[in-house]
Amino acid sequence: MLLKIIGSILIISASGFIGFLYSKDCSARPQQLREIQSMLQMLENEISFLSTPLSEAFERIYKSSNNSISAIFKSAHEYLIDNLNYNASEAWALAVRDNIKKTSLKEEDEEILVSFGKILGSSDVEGQIGNIRLTVNQLKMQEHKAEEIRKKNENMYRTLGVLGGIAIVILLL
Amino acid sequence: MTEDKPRDKKSTLEKEILRYFPQTIRDVLLKADPAVLSDIEEIRLRAGKPVTLLNSDGDWFVNKEGKLTCRKENAYIADPMEITRTLELMSEKSVYAYQDEVRNGFITLRGGHRVGIAGRVVLENGMVKNIKDISGLNIRISREVPGCSGDIIRYIIRNSSDIYNTLIISPPQCGKTTLLRDIARIISDGTDRYNFKGVKVGVVDERSEIAACFKGVPQNNVGIRTDVLDGCPKTVGMDMMLRSMSPRVIITDEIGNQGDRDAILRVVNAGVKIIATAHGYGISDLKTRREVLNLMEDKIFERYIVLSNAKGPGTLEEVVDGLTMRQLVAGRQRLTG
């Protein structure tokens, strides 16, 4: 009997934990979308006010913050300086592809980021600023959507986790 | 006199210039004889034309084995894509950071090497906005020749802490900027040879060629008491220096544009000395240029130094006293480090 009780507790807590992980992932995505926006804001400042070249701007940005998004900027910086044969948009696209899996971002977010890279570095200051603002706006919309999804799913995943655990226990008993 | 070891020429070329070329062109140039590479003054890329190197013997094509020839056959032809790529790499893949420079038709690489750009110009309200369809690049290799001003510095020095207002006159490619840089270094550091104590020097480096600043720090040795205003238009820069940095000497390159005269008068009236350069083949040649002629008539400059490349870049033609117009030195001699 004792064994059964311990087993049931283990199952319920494990599935509850899985539910908790899923719900955490829901809140990570809007959080990371906010982080990218603020990093792009920094990039805008570097470009419009300081005219810093991209490799240097990326370096400053990733050094000033430490989160899963800064890895994208770090690897973009590395692609830009290591191999002279990548231009800015190729370097950015590669950096996004390499690192997106480590974040909670979805494919649609990835597409926005990759298309942001299309004219990265290849136009004048006004063009770059326009591109950054457009991307920030798109990311803001993604953030709102992600926020709604989070509200809906967060509780659902948690309860689902615990209830699922209980269901399994009942079935096994 | 403090002498710096000249930088290793070939590795400088490799580090500062060849790294911006696409792999294909870089490979060809690296096959060339290091002695040849260390001596070149210009590298020219033209769309669909052979890659051309210019040294003191004239211009040469580079063939696919990296040898210099004067025959067009078998020469390495630059592809338009390679040229576009080169400019992309030279602007550190960030066109916006160089847009003001591109508008003027050239960008300056780290190390002070000037790259001229030819292509189709994009206009906006009659002003150059950008250059697209790049068809030609001319990379002028800048060299530091420490000590090249050693022999003529005594004509510039008035006493142990003062100098004469000086104008260096020279055609392009004769070592004007190189000489100016070395003069800046000696005046700033001081020299025991003529018992000259160093004074505060302000360099207004509009094209980043004199000091070759990288992230604000001079890469070339322009002296210990030298402040550099990098990338600043000359007229504005001279006023800023005057107001903010209290220099004893202001040094600037290539005067002759509108407004330069007034700015220089303000410098001289403030009791600050000026050393400048001007494009020209001699003193009489300068008289056709109004801005400079006015300065000459006002007797602003007390020394004129005329250069040519009769015996290679940096040949001294004459030194003239600006007040009496008497020749202080005549006859050609090569200034070397």
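Since the structure is predicted, the reported quantities are computational estimates derived from the model, not experimental observations.

K.L.:
Residue-level account of the overall build of chain A, with values.
P.N.:
Along chain A, the regular secondary structure elements total six helices and zero strands. Along the chain direction, N to C, the helices and strands of chain A fall in the order α-α-α-α-α-α. A principal-axis box enclosing the C-alpha atoms of chain A has dimensions of 70 × 30 × 25 Å. Looking at the 173 residues of chain A, the share that counts as buried comes to 45%. Contacts spanning at least 24 positions in sequence make up 65% of the contacts within chain A whose residues lie at least 6 apart. Counting only carbon and sulfur atoms, one obtains 61% of the accessible surface of chain A, whose full area is about 9,500 Å².

K.L.:
Please give an account of the interface of chain B and chain A that cites residues and values.
P.N.:
Between chain B and chain A, the contact holds 15 residues from the first and 21 residues from the second. Summed over both sides, the interface between chain B and chain A buries roughly 1,500 Å², with carbon and sulfur atoms accounting for 48% of that surface. Area buried by chain B at its contact with chain A is led by B:R85, B:K93 and B:Y96, which between them contribute 46% of it. Taken together, the connections running from chain B to chain A amount to one salt bridge. For A:E90, the salt bridge is made with B:R85, and the minimal N-O distance between the two is 3.7 Å. Linking chain B with chain A are eight residue pairs in polar contact (both at pLDDT 80 or more), by the criterion used here. Secondary-structure elements contributing two or more residues to the side of chain B that touches chain A are helix 2 (23–30) and helix 4 (80–90) of chain B. With three residues, helix 4 of chain B is the single largest residue contributor to the side of chain B that touches chain A. Considered class by class, the residues forming the side of chain B that touches chain A number four nonpolar, three polar and eight charged.

K.L.:
Explain helix 2 of chain B residue by residue, including any values.
P.N.:
Residues and elements named next belong to chain B. Burial in helix 2 covers these residues: I25, R26, V28 and L29. Across the axial projection of helix 2, the buried residues extend over an arc of 165°, all falling on one side. In the core, the buried residues of helix 2 are packed alongside helix 3 (34–37), strand 1 (42–46), strand 2 (52–55), strand 3 (58–62) and helix 4.

K.L.:
Outline the environment of B:V329, listing residues and values.
P.N.:
All names here are of chain B. You can see V329 is positioned in strand 21 (residues 327–334). Among the residues examined, V329 registers a relative accessible area of 9% and is labelled buried. For V329 and E318, which are 11 residues apart along the polypeptide, the C-alpha to C-alpha distance reads 5.2 Å. Ignoring anything within four residues of it in the chain, the contact list for V329 reads Y155, L316, E317, E318 and V319.

K.L.:
A description of the pairing of strand 21 of chain B should follow, citing residues and the corresponding values.
P.N.:
All names here are of chain B. As judged from the five bridges shared by strand 20 (residues 315–321) and strand 21, these two strands associate in the antiparallel manner. For V320, the partnering residue across the bridge sits in strand 21 and is Q327. The hairpin formed by strand 20 and strand 21 contains five residues between the paired strands, and M325 there has a positive phi angle of roughly 60°.

K.L.:
Now, about a nonpolar patch on the surface: what can you tell me, with residues and values included?
P.N.:
Residues and elements named next belong to chain A. Taken together, the side chains of V162, L163, I166 and I170 make up a nonpolar region of the molecular surface, amounting to roughly 350 Å² of accessible area. Checked against the element boundaries, I166 lands in helix 6 (residues 125–172). Given a relative accessible area of 34%, I166 falls into the partly exposed group.

K.L.:
Any details on the UniProt feature "transmembrane region" (unreviewed entry) in chain A? Residues and values, ideally.
P.N.:
Residues and elements named next belong to chain A. When the UniProt feature table is mapped to this numbering, "transmembrane region" (unreviewed entry) covers residues 6–23 and 155–172. The span residues 6–23 is 100% helix and 0% strand, and its two end C-alpha atoms sit 25 Å from each other. Secondary structure across residues 155–172 divides into 100% helix and 0% strand, with the first and last C-alpha atoms of the span separated by 26 Å.

K.L.:
With reference to specific residues and values, describe the layout of surface pockets.
P.N.:
Here the largest pocket is characterised by a volume of approximately 1,500 Å³. Of all the secondary-structure elements, those providing two or more residues to the lining of the largest pocket are helix 2 (54–64) and helix 3 (70–82) of chain A together with helix 4, helix 5 (99–103), strand 5 (106–108), strand 14 (213–214) and helix 8 (234–244) of chain B. Here the lining of the largest pocket gets four residues from one element, more than from any other, and that element is helix 2 of chain A. Here the lining of the largest pocket is composed, by residue class, of 17 nonpolar, 15 polar and 15 charged.

K.L.:
Could you give an account of the confidence of the model for chain A, naming the residues involved and the relevant values?
P.N.:
Considering every residue of chain A, the mean pLDDT works out to 90; 99% of them sit at 70 or more. Confidence, read as mean pLDDT per element, is least for helix 1 (residues 2–50) of chain A in chain A (89) and greatest for helix 5 (residues 107–117) of chain A (94).

K.L.:
Which residues make up helix 2 of chain A, and what values go with them?
P.N.:
Taken together, the buried positions of helix 2 of chain A are A:L54, A:S55, A:E56, A:A57, A:F58, A:I61 and A:Y62. The elements touched by buried residues of helix 2 of chain A are helix 1, helix 3 and helix 4 (88–99) of chain A.

K.L.:
So what's going on with empty space enclosed by the protein? Residues and values would help.
P.N.:
Here the idea is plain: a probe the size of a water molecule rolls over the atoms and shows the empty space left. All names here are of chain B. Counting across every chain of the model gives one cavity of 30 Å³ or more. Lining the largest cavity are V204, D205, E206, R207, E209, I210, K234, T252, D253 and E254. Looking at the lining of the largest cavity residue by residue, the class counts come to two nonpolar, one polar and seven charged.

K.L.:
Go over the side chain of B:R303 with me, naming the residues and quoting the values.
P.N.:
Residue and element names in this part refer to chain B. Here R303 shows up in strand 19 (residues 303–308). Among the polar contacts made by the side chain of R303, one reaches the main-chain carbonyl oxygen of Y155 at a distance of 2.8 Å. In this view, R303 contacts Y155, Y164, N165, T166, L167, V319, V320, D321, G322 and L328; residues no more than four positions away in its chain are not counted.

Criteria and thresholds
Residues numbered from 1 in each chain as written. Chains lettered and ligands numbered in written order. Predicted model: local features only at pLDDT ≥ 70, side-chain atom pairs only at ≥ 80, totals over all residues. Heavy atoms only, no water. Helix = DSSP H or I, 4+ residues; strand = E, 2+ residues; numbered from the N terminus. Buried < 20%, exposed > 50% of the residue type's maximum accessible area, 1.4 Å probe, protein only. Contact = heavy atoms within 4.5 Å. Areas by Shrake-Rupley, 256 points an atom, 1.4 Å probe, with all protein chains shown as cover. Buried area = accessible area lost by both parts, 1.4 Å probe. Salt bridge = Lys/Arg side-chain N within 4 Å of Asp/Glu carboxyl O. Polar contact = N/O pair within 3.5 Å; in protein donor to acceptor, adjacent residues only side chain to side chain. Nonpolar A, V, L, I, M, F, W, Y, C, P; charged D, E, K, R; others polar. Arc of directions from axis to C-beta. Pairing = 2+ DSSP bridges. Patch = residues over 30% accessible without salt bridge, like charges linked within 9 Å, V, L, I, M, F, W, Y side chains within 5 Å. UniProt positions renumbered as here; feature names shortened; annotations may be inferred. 1 Å grid on protein atoms, 1.4 Å probe; cavity = no way out; pocket = protein on both sides within 12 Å on 5 of 7 lines; lining within 4 Å. Points joined across faces, edges and corners; volume = space filled by probe spheres on them. pLDDT = per-residue confidence, 0-100.

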